[in-house]
Amino acid sequence: MLEVGRVKRAHGLRGEVIVSLITDRFERVAPGSLLVSGDRTLEVEASRPHQKQFIVSFVGVLSREDAEAMQGMVLHAEPLDDPDELWVHELIGAPVHTVDGTAVGVVDAVQANPASDLLVLDNGALVPVLFVVERRGDGTVVIDPPEGLFDL
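Cut-offs and rules
- Residues numbered from 1 in each chain as written.
- Predicted model: local features only at pLDDT ≥ 70, side-chain atom pairs only at ≥ 80, totals over all residues.
- Heavy atoms only, no water.
- Buried < 20%, exposed > 50% of the residue type's maximum accessible area, 1.4 Å probe, protein only.
- Helix = DSSP H or I, 4+ residues; strand = E, 2+ residues; numbered from the N terminus.
- Pairing = 2+ DSSP bridges.
- Phe/Tyr/Trp six-rings, centres within 6.5 Å; stacked < 30°, edge-to-face > 60°.
- Contact = heavy atoms within 4.5 Å.

Q: Give a detailed account of the pairing of strand β5 (residues 53–58), specifying residues and quantitative values.
A: Remark: a regular strand shows side chains that alternate across the two faces of the sheet. Of all the six residues making up β5, five are buried; the element is thus mostly covered by neighbouring parts of the structure. Here strand β4 (residues 40–50) runs beside β5; their pairing, made up of six bridges, is antiparallel. The partner of histidine 50 across the bridge, within β5, is glutamine 53. Following β4, the chain reverses through two residues before pairing antiparallel with β5; glutamine 51 in that reversal takes a positive phi of roughly 50°.

Q: Any details on the packing of aromatic side chains? Residues and values, ideally.
A: Within the structure shown, the criterion is met by one aromatic pair. Between phenylalanine 26 and phenylalanine 54, the aromatic rings sit 5.3 Å apart at their centres with planes inclined by 50°, giving tilted as the arrangement. Residue phenylalanine 26 is found in the loop between β2 (16–21) and β3 (34–37), and its partner phenylalanine 54 is found in strand β5; the two are separated by 28 residues along the sequence.

Q: Outline the environment of lysine 8, supporting the account with residue identities and numerical values.
A: Mapped onto the secondary structure, lysine 8 falls in strand β1 (residues 2–11). Once residues lying within four places of it in the same chain are set aside, the contact partners of lysine 8 are Ile18, Ser20, Gln53 and Gln71.

Here it is in structure tokens:
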């Protein structure tokens, strides 16, 4: 399961909470979505954006006291079945090749960067994720870098 957000605090008197997402997939808090915290499964009853976060009500959470008890909960969800998504945990250790088949390294880490996250290769090279054009079934990441990206 992937961490998708955290309950920040209670909101109002009817069991709503403020949820801060760490994903850009807002369907994680759509009505009917299931989120897990520890051994507890929570179904989203309703949600709405609020100051770069979401106000969320969960089925069965009916009072402010119930909501306050959720403060600090880490929320997890199953990975979305989206073949175009790149998941950090799947990229680590992946061999990286250019479109012409040249091996350029292995992914050691993914570094957050405002313009585009970066693949950190085992040889120290940094490759913006926007140059990834394919992820093959064997795990190989194929990139189409601009000329000179790997020049010293």
